[in-house]
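# Descriptive analysis of the structure
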Amino acid sequence: MKKIYKEPNKRETETTMNILYNEKILSIYTNKVDLQKRLFKILGNPTKEYIKGRSITGSSWDVSLNEKSKISKILLKVNIFEL
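Just so we're clear, the structure is a prediction, and the values are computed from it rather than from any experiment. (Residues numbered from 1 in each chain as written. Predicted model: local features only at pLDDT ≥ 70, side-chain atom pairs only at ≥ 80, totals over all residues. Heavy atoms only, no water.)

Bringing helix 1 (residues 33-43) into the picture now. Residues of helix 1 that are buried: Val33, Leu35, Gln36, Leu39 and Leu43. Down the axis of helix 1, the smallest arc covering the buried residues is 155°, so these residues share one side. Those residues of helix 1 that are buried are in contact with strand 1 (15-20), strand 2 (25-30), strand 4 (55-64) and helix 2 (68-77). Directly after helix 1, the chain includes Gly44, whose backbone phi takes a positive value near 85°. (Buried < 20%, exposed > 50% of the residue type's maximum accessible area, 1.4 Å probe, protein only. Helix = DSSP H or I, 4+ residues; strand = E, 2+ residues; numbered from the N terminus. Arc of directions from axis to C-beta. Contact = heavy atoms within 4.5 Å.)

The structure is reproduced here in structure tokens:
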């Protein structure tokens, strides 16, 4: 089944990255459609998808801090700083 993403209002676009030190996890959330697609290609299925109707409004991934190659790919290939 093809995933359907809902484009957020430009003023409501957000991406957050949190380091959960006790759990040793990098937690990433975004509602930006192109970023969700790029993260899906690198990380696979998200830990959680936020759905409204039949559309995905946001996705989050939890990446172990031990997975340094994945974290490097995220920082180098996904261009999370793109505006």
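Turning our eyes to something else, we now look at the sheet that holds strand 2. One open sheet holds the four strands; their spatial order is 1-2-4-3, and the pairing between them is antiparallel. The open sheet has two edge strands with one neighbour each: strand 1 and strand 3 (48-52). Sheet twist, expressed as the average angle between the axes of neighbouring strands with direction ignored, equals 10°. The pairing of strand 2 with strand 4 spans six bridges and is classified as antiparallel. Bridge pairing links Leu26 to Val63 in strand 4. Seen against the sheet, helix 1 touches strand 1, strand 2 and strand 4 and runs at an angle of roughly 40° to strand 4. (Pairing = 2+ DSSP bridges. Axes fitted to C-alpha atoms, helices over the stretch in contact; angles between N-to-C directions.)

Following the sequence through the fold, Asn31 ends up in the loop between strand 2 and helix 1. A polar side-chain atom of Asn31 sits 2.9 Å from the main-chain carbonyl oxygen of Glu12. In this structure Asn31 touches Pro8, Glu12, Thr13, Glu14, Gln36, Thr57 and Gly58, once residues within four positions along its chain are discounted. (Polar contact = N/O pair within 3.5 Å; in protein donor to acceptor, adjacent residues only side chain to side chain.)

Right, let's talk about unusual backbone geometry for a bit. Despite not being glycine, Lys24 shows a phi value in the positive range, around 55°. Note on placement: Lys24 falls in the loop between strand 1 and strand 2.

What follows concerns the nonpolar core. As a rule of thumb, soluble globular proteins bury nonpolar side chains together. With ten residues, the main nonpolar core is built from Leu26, Ile28, Leu35, Leu39, Leu43, Trp61, Val63, Ile71, Ile74 and Val78. Those elements giving two or more residues to this core turn out to be strand 2, helix 1, strand 4 and helix 2. Per element, the largest residue contribution to this core is three residues, and it comes from helix 1. Aside from chain neighbours lying at most four places away, what touches Val78 is Leu35, Arg38, Leu39, Ile42 and Lys73. (Core = buried A, V, L, I, M, F, W, Y, C linked by side-chain atoms within 4.5 Å.)

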